[in-house]
Each structure stands twice: as C-alpha cells, then as structure tokens.
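Listed here are the chains, written in short residue letters.
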Amino acid sequence: MTALFALATSLLWGLADFGGGLLTRRTPALTVVVASQTVAAVVLGIVVVATGGWSEAGGQLWFAVAAGAVGPVAMLSFYKALALGPMGVVSPLGSLGVAVPVSVGLIIGERPGPLQFAGVGVAIAGIVLAGGPELRGAPVQRQAVLLTLVAAFGFGAVMSLIAEASTTVTGLFLALFVQRLTNIAVGGTALYVSVRRGARALPEEGGAAALLAALPALACVGLADVAANGTYSIAAQHGPVTVAAVLASLYPVVTALAARGVLSERLRGVQAAGAGLALVGTVLLATG
C-alpha cells in the first residue's frame, strides 16, 4: 500500500509540475499558485462539509498550517531559481528535498532492510539525474543555488508536515483544506505586495479573459497537488517514511516524460539514465 500511494503521489506531483510550468509561461507564477489553490480550496471545502471533517479539528492542524505557509515560499523560490537558471542544475537540486523526510524517518527509528537502503540510494541518484544536470557550462549564480536549496528544504518540510497533520481520512480532508487556505493567505499576500511594486497579476496577453479561460487547467493543477499531498500522507502513515518519501519524489521523471510526450521534448542521455535508475530503485524499495 505504501509503494502504491507513494507512486501515485509522484504521478500527481509530476503532472501538477508539468501543468504549472506550462501555465507560468503566460501567467505570473504567483497568480498560478493563488488561483490553482483557490479552486482546490473550494472543492475541498465542499468535501469537508459533506464528510463532516470539521469534527476532526484539533492541535494537529497546526502541522497543516505550517505546511501551507512553507509551500508557497518553496514554490516561489524554485520558480525564481529556475528563472536565474540554468534549469539543468536547478531541477535536480530541487529534488534533494527528499532528504528531509528520509532523515525524519531515520531519526524516529525506521531502519529499512538492505535492499531498501540500496533502493533509496539508487532512486535518489535517478531522481537527480532525471532532472538533466548540466555538468558543463557557465558557473551557476550563487543566488540560484541558495534559492534552490531553500525550495528543496521547503518541499521536503511540506512532505514531513502534512504526514503529521491527520490520522483519519476525514481528518486528512480537513488538513488539506487548512493547508490550502494558508497557501492562499501567504501566496495572496505575496501577490498583493508584488502588484503594489509594479508587477502584473494577469496574463500579459488577454488579461482577465485569458485567466478565466485558463481556470480548468488551473483547477487540474491545484487538485492534482491536493491529491498528491493526500496520497503521500496515506503512504507515510501506512509504511516506512523513508520508502514513501523516496518513491513520492520520483515526480521529476514524470515531468520529464510528460514533456517528452506532450511537447515532444527530447530526453537527454543523462535524463534517460536517471529514469532507468529511478525505476530500478523503485523495484528495490517495493520488494525489499
């Protein structure tokens, strides 16, 4: 069950990243974050009311609040780092956030078997290579590296926090709803400040009409992100966090394959090798 839900997390996060990346080509990143999370919050609010999730309110929701506060900061740091580039360095460095939940799992006493330890190492190597690291070229700006490390730590922290935010399915719906509300509050504040400083909030071409036309795509991105957080929480609660975290972090492979299938982007040799290693690591983790 852990492997199944963690792999589902990778699929959903990978597709959400791919969709979000496409949307930010025309719409400011902050607007994409706020709009997609708002749609997701509306849907989750309906689900919480329908399932009676409010009865699960408790102190554990502060983990969801923390995850919601950290998430937008991590995402915006990642987008800024991607803008500074090169993407071939930023992308694989960003995936190193898996070290946070893996470390948490080891600290709380989890001890994977030999095959699973091998799978962790092989899968992490595959995740990094799947991003297509650039081993040559101009030096990377220090700011880009620092922003990427902030993003990586944030992504890993969100994984750890959301796993602690609930213990039941209805409680998970409530936790995800609270996380989305916090995402909107933090992202919305950042968007307001950005606009006050002269940045645009709407797409340069088409304005509000273009944003409304993009709502279905924004909804898909937001709901995929929500579902990924949910499946990861279930995976982490029903099995070793070290295994769940690594398998859930295979999303760069999914993003690269989606770009290959939809945009006809060619995979570099190092990316293909990374995808292969990630698959080998997955098999070791699932069978270890």
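- You'll find the protein chain entered in an unreviewed UniProt entry as DMT family transporter, with Streptomyces sp. 900116325 given as the organism.
- Within the UniProt record for the protein chain, the comment given under Sequence similarities (unreviewed entry) is "Belongs to the EamA transporter family."

What about the overall build of the protein chain?
- Helix and strand content of the protein chain: 13 helices and 0 strands.
- Helices (α) and strands (β) of the protein chain occur, in sequence order from the N terminus, as α-α-α-α-α-α-α-α-α-α-α-α-α.
- The proportion of buried residues among the 288 residues of the protein chain is 47%.
- Nonlocal contacts in the protein chain, meaning residues at least 24 apart in sequence, comprise 90% of its contacts between residues at least 6 apart.
- Roughly 13300 Å² of accessible area belongs to the protein chain as shown, and the carbon and sulfur atoms make up 70% of that amount.

A closer look at the environment of Leu 22
- On the secondary structure map, Leu 22 appears in helix 1 (residues 2-23).
- Judged by its relative accessible area of 32%, Leu 22 is partly exposed.
- Spatially, the C-alpha atoms of Leu 22 and Ala 259 are 9.8 Å apart, while their sequence positions differ by 237 residues.

Remarks on the side chain of Ser 166
- Along the polypeptide, Ser 166 turns up in the loop between helix 7 (142-163) and helix 8 (169-196).
- On the accessibility criterion, Ser 166 (4% relative accessible area) is buried.
- Once you skip the residues sitting within four places of it in the chain, Ser 166 turns out to touch Gln 60, Gly 171, Leu 172, Ala 175, Ser 233 and Gln 237.

Considering the packing of helix 10 (residues 215-237) against helix 11 (residues 241-248)
- It is at 8 Å that the axes of helix 10 and helix 11 come closest, and there the two elements cross at 150 degrees. The angle between the axes of helix 10 and helix 11 places the two elements in the roughly antiparallel class. The two elements helix 10 and helix 11 meet at a crossing, and its hand is right-handed. Counting all contacts with helix 10, which are made through Tyr 232, Ala 235 and Ala 236, the residues of helix 11 involved are Val 241, Ala 244, Ala 245 and Ala 248.

Regarding the packing of helix 1 against helix 11
- Their axes nearest at 7 Å, the elements helix 1 and helix 11 cross at an angle of 30 degrees. Here helix 1 is positioned roughly parallel relative to helix 11, judged by the angle of their axes. Considering only the axes of helix 1 and helix 11, their crossing is right-handed. Facing Thr 2, Ala 3, Ala 6, Leu 7, Thr 9, Ser 10 and Trp 13 of helix 1, the residues of helix 11 in contact are Val 243, Ala 244, Leu 247 and Ala 248.
- Classifying every residue of the contact of helix 1 with helix 11 gives 8 nonpolar, 3 polar and no charged.

Topic: a nonpolar patch on the surface
- Nonpolar side chains collect at one region of the surface, where Leu 22, Val 262 and Leu 263 lie side by side and expose about 230 Å² of accessible area between them.
- A relative accessible area of 57% places Val 262 in the exposed class.

Some words on the environment of Ser 233
- Here Ser 233 is to be found in helix 10.
- The buried category is assigned to Ser 233, whose relative accessible area is 1%.
- Residues Ser 233 and Ser 160, 73 residues apart in the sequence, show an inter-C-alpha distance of 8.7 Å.
- When sequence neighbours within four positions are dropped, the list of residues in contact with Ser 233 reads Ile 162, Ala 163, Ser 166 and Leu 172.

Quick notes on the nonpolar core
- With 36 residues, the main nonpolar core has Trp 13, Met 159, Leu 176, Tyr 232, Ala 245, Val 246 and Ala 248 as its most contacted residues.
- Listing elements by their share of this core, those giving two or more residues are helix 1, helix 2 (29-51), helix 3 (61-84), helix 6 (114-130), helix 7, helix 8, helix 10 and helix 11.
- A total of 7 residues in this core trace back to one element, the largest contributor, which is helix 11.
- If sequence neighbours within four positions are ignored, Tyr 232 has contacts with Thr 9, Pro 101, Met 159, Ile 162, Ala 163, Val 241, Ala 244, Ala 245 and Ala 248.
- In this structure, Leu 23, Ala 214, Leu 218 and Val 221 belong to the second largest nonpolar core, which totals 7 residues.

Side note on the pattern of salt bridges
- For the structure on display, the rule yields 2 salt bridges.
- Note that Arg 200 and Glu 204 form a salt bridge whose closest N and O atoms lie 3.8 Å from each other.
- When its relative accessible area of 66% is taken as the criterion, Glu 204 is described as exposed.

What to know about the packing of aromatic side chains
- A complete count under the given rule lists 2 aromatic pairs for this structure.
- Ring geometry for Trp 54 against Phe 177: centres 5.9 Å apart, planes inclined by 85 degrees, an arrangement best described as edge-to-face. Separated by 123 residues along the polypeptide, Trp 54 in the loop between helix 2 and helix 3 and Phe 177 in helix 8 bring together distant segments of the chain.

Points about the confidence of the model for the protein chain
- Confidence in the prediction of the protein chain, expressed as mean pLDDT, is 81, and 84% of residues score 70 or more.
- Ranking the elements of the protein chain by mean pLDDT puts helix 4 (residues 87-94) last, at 61, and helix 8 first, at 92.

Definitions and limits used
- Residues numbered from 1 in each chain as written.
- Predicted model: local features only at pLDDT ≥ 70, side-chain atom pairs only at ≥ 80, totals over all residues.
- Heavy atoms only, no water.
- UniProt positions renumbered as here; feature names shortened; annotations may be inferred.
- Helix = DSSP H or I, 4+ residues; strand = E, 2+ residues; numbered from the N terminus.
- Buried < 20%, exposed > 50% of the residue type's maximum accessible area, 1.4 Å probe, protein only.
- Contact = heavy atoms within 4.5 Å.
- Areas by Shrake-Rupley, 256 points an atom, 1.4 Å probe, with all protein chains shown as cover.
- Axes fitted to C-alpha atoms, helices over the stretch in contact; angles between N-to-C directions.
- Parallel < 35°, antiparallel > 145°, perpendicular 65-115°, else oblique.
- Left-handed = near helix turned anticlockwise from the far one by under 90°.
- Nonpolar A, V, L, I, M, F, W, Y, C, P; charged D, E, K, R; others polar.
- Patch = residues over 30% accessible without salt bridge, like charges linked within 9 Å, V, L, I, M, F, W, Y side chains within 5 Å.
- Salt bridge = Lys/Arg side-chain N within 4 Å of Asp/Glu carboxyl O.
- Core = buried A, V, L, I, M, F, W, Y, C linked by side-chain atoms within 4.5 Å.
- Phe/Tyr/Trp six-rings, centres within 6.5 Å; stacked < 30°, edge-to-face > 60°.
- pLDDT = per-residue confidence, 0-100.

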